[in-house]
Structure formats: structure tokens, C-alpha cells
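# Understanding the architecture of this molecule
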Amino acid sequence: MPERLLPLPAVKVEPTRASLVLVDVVGSTRLAHALELGHYQALMAEFVQVMILSFEAAGGQVLQHQGDAVLALWPEGCERKAVFAALGAHERAARLSLAGYLGVQLQVRVGAAYGEVITGPVGGQMSAYGLPVNYSRRLCDAAAAGQTIVCQDLSGAAQGPWRVVKRPALSLQGFGPDCVGYELVVEEAVVARVAPLRADPVRRRPA
């Protein structure tokens with residue numbers, strides 16, 4: 001009944017620009033089949049906790065964590081930190097102590113996007129709305145195990161021990177068949193000690 005609906009807020013929320021990073025465990029369903037339920041739950045809980053702590057230590061704010069995926073946001077000016085945190089997620093997941101104890105190798109895939117969003121609390125939890133949220137999800141879906149795929153804006157956000165490989169013609173649901181992503185191919189181990197890094201502006205790459 002319409003009369004029971006809460007009124008829309010009168011305060012206008014201004015959009016802001018941010019980096020969104022989504023990390024997703026590859027093969028979580030296979031692990032759920034292979035492990036005892038209690039072991040699987042403990043492994044996913046450790047993964048989520050490690051991602052939350054590492055993202056927050058890198059200046060990010062975790063928005064969602066659901067089973068085998070974690071979504072975090074970095075405000076404008078922290079693009080370099082977001083990229084380093086995205087790359088560092090692979091090594092952190094691979095080194096989970098419980099995974100080693102259970103004899104499994106945990107791999108993740110990562111998608112990251114930058115753009116305009118609106119943030120605010122929903123149900124007591126901070127949330128973000130905007131195309132970068134969806135885009136990070138689609139880029140993550142397009143990544144394989146061990147891959148980090150970012151949008152064009154983030155592909156030039158930081159210099160580091162990796163190559164930027166253009167991945168054209170990604171068929172991303174809701175974004176058309178001609179989307180372009182950029183894979184960050186790590187040349188050597190990347191240590192995710194990003195807290196001391198200064199904020200750098202986005203340096204856009206040509207399409």
C-alpha cells in the first residue's frame with residue numbers, strides 16, 4: 001500500500017568519484033563440494049577477514065562481503081592505493097594459513113573500475129551506487145584465476161612491476177560487446193604494503 005511507504009529523503013546527495021575493487025574466489029563451488037561444511041565456512045571466513053583488514057589498511061572502505069567475494073571503495077585521489085590493493089589480493093589469498101592446512105590452493109580474480117558514484121548508509125551498512133560498481137563486477141567476471149582487470153582510467157593510475165595489456169572486445173553484460181579492459185600482468189611479486197603510499201591523481205590512458 002503506497003501510504004505505508006517511507007518518503008524519499010529530502011536531502012540531495014552529491015555524487016563523488018571513487019575506485020571500486022571486487023575480489024572473488026575462483027572455484028568456490030568446487031571447494032564447497034570438496035570440503036566439509038565447517039572447514040569451507042572457516043576458510044571463506046578467513047578469506048573475507050583477511051581481505052577486509054588488508055583493504056582497510058590500504059585506505060579502502062569495504063562495502064559488501066558475501067560468501068566468496070569482497071567489494072571495497074577508495075575515494076578519489078587514492079587510485080594508486082586501490083590498484084596496489086587489488087594486485088596484493090592474489091598473494092594474500094594464496095597465503096591463507098587455513099588453506100595450507102586444508103591442502104587447497106585459493107585463487108582469486110579481481111576487477112576494478114573508477115567513476116562517479118553516490119554513497120550512503122543502507123540498512124546500517126555503507127553502500128555505493130553507480131556504474132563503477134557494476135563495471136567492477138563485470139570486469140571481475142571477465143577475469144580468469146590470478147588475473148586483475150581494470151578500467152581504462154585505473155590502467156594508468158600507478159607505475160609498478162607489471163605490464164598493462166589491453167583486453168579489447170570484452171562482452172560485458174549490460175555494457176555491450178565492445179568494452180575494453182586492461183589486464184595488469186605482474187612481472188615480479190608485489191607486496192601489498194600500500195598504506196604509506198601517497199594519493200596520486202588518475203592518469204588517463206588513450207583508448
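Structure: above.
Thresholds applied
Residues numbered from 1 in each chain as written. Predicted model: local features only at pLDDT ≥ 70, side-chain atom pairs only at ≥ 80, totals over all residues. Heavy atoms only, no water. Helix = DSSP H or I, 4+ residues; strand = E, 2+ residues; numbered from the N terminus. Buried < 20%, exposed > 50% of the residue type's maximum accessible area, 1.4 Å probe, protein only. Contact = heavy atoms within 4.5 Å. Salt bridge = Lys/Arg side-chain N within 4 Å of Asp/Glu carboxyl O. Pairing = 2+ DSSP bridges. Core = buried A, V, L, I, M, F, W, Y, C linked by side-chain atoms within 4.5 Å. Expected span 1.5 Å × (residues − 1). Arc of directions from axis to C-beta. Phe/Tyr/Trp six-rings, centres within 6.5 Å; stacked < 30°, edge-to-face > 60°.

### A short note on the overall build of the protein
- The helix and strand tally for the protein stands at 6 helices and 8 strands.
- Counting from the amino terminus, helix and strand elements in the protein follow one another as β-α-α-β-β-α-α-β-β-α-β-α-β-β.
- By the burial criterion, 45% of the 207 residues in the protein qualify as buried.
- Of all intrachain contacts in the protein linking residues separated by at least 6 positions in sequence, the fraction that spans at least 24 positions is 69%.

### A word on the environment of His65
- Relative to the assigned elements, His65 resides in strand E2 (residues 61-66).
- Residue His65 is classed as partly exposed on the basis of its relative accessible area of 46%.
- Residues His65 and Leu22, 43 residues apart in the sequence, show an inter-C-alpha distance of 9.6 Å.

### Re the pattern of salt bridges
- One pass over the full model with this rule turns up 7 salt bridges.
- Arg109 is paired through a salt bridge with Asp24; the nearest N and O atoms lie 3.1 Å apart. Linking Arg109 in strand E4 (residues 108-122) with Asp24 in strand E1 (residues 16-25), this pair joins segments that are 85 residues apart in sequence.
- The exposure class of Asp24 is buried, given its relative accessible area of 6%.
- Of the charged contacts in the structure, one is a salt bridge between Arg138 and Asp141, with a shortest N-O distance of 3.7 Å. In this pair, Arg138 and Asp141 both sit in helix H5 (residues 131-142), 3 residues apart, roughly one turn of the helix.
- Within this structure, Asp24, Arg109, Arg137, Arg138 and Asp141 form a network of salt bridges that share partners.

### Thoughts on the pairing of E4
- Sheet topology places E1 next to E4; 10 bridges connect them, and they run antiparallel. Paired with Leu22 across the strands is Gly111, a residue of E4.
- By the bridge criterion, 3 bridges tie E4 to strand E6 (residues 148-150) in an arrangement that is parallel. Each residue of the ladder has a partner; that of Gly111, found in E6, is Ile149.
- In this structure, E4 lies alongside strand E5 (residues 125-129), joined through 5 bridges in antiparallel fashion. The residue of E5 that forms the bridge with Pro121 is Met126.
- Where E4 folds back on E5, the antiparallel hairpin that results is connected by 2 residues, among which Gly123 adopts a positive phi of roughly 60 degrees.

### Observations regarding the nonpolar core
- Core analysis: the biggest nonpolar cluster contains 50 residues, and Val21, Val23, Leu43, Phe47, Phe55 and Trp74 have the highest contact counts within it.
- Discounting residues that sit within four places of it in the chain, Leu43 has contacts with Leu31, Leu35, Leu96, Leu98, Ala99, Leu102, Val104 and Leu106.
- Ala18, Leu22, Leu63 and Ala69 belong to the second largest nonpolar core, which has 11 residues in total.

### Focus: H5
- Counted at 1.5 Å a residue, the expected span for H5 with its 12 residues is 16 Å, and the 16 Å between its end C-alpha atoms agrees.
- The complete set of buried residues in H5 reads Pro132, Val133, Tyr135, Ser136, Leu139 and Cys140. End-on view of H5: buried residues confined to an arc of 165 degrees, all on one side of the axis.

### What about the packing of aromatic side chains?
- For the structure shown, the criterion picks out 2 aromatic pairs.
- Geometrically, the ring pair formed by Phe84 and Trp162 is edge-to-face, given 5.4 Å between the ring centres and 70 degrees between the ring planes. Remark: Trp162 occurs in strand E7 (residues 162-172) and Phe84 occurs in helix H3 (residues 79-94); sequence separation between them is 78 residues.
- Taking relative accessible area as the criterion, Phe84 reaches 11% and is therefore assigned buried.
- On the basis of relative accessible area, Trp162 is assigned to the buried category, the value being 10%.

Everything listed here is a matter of geometry and, on its own, says nothing about what the molecule does.
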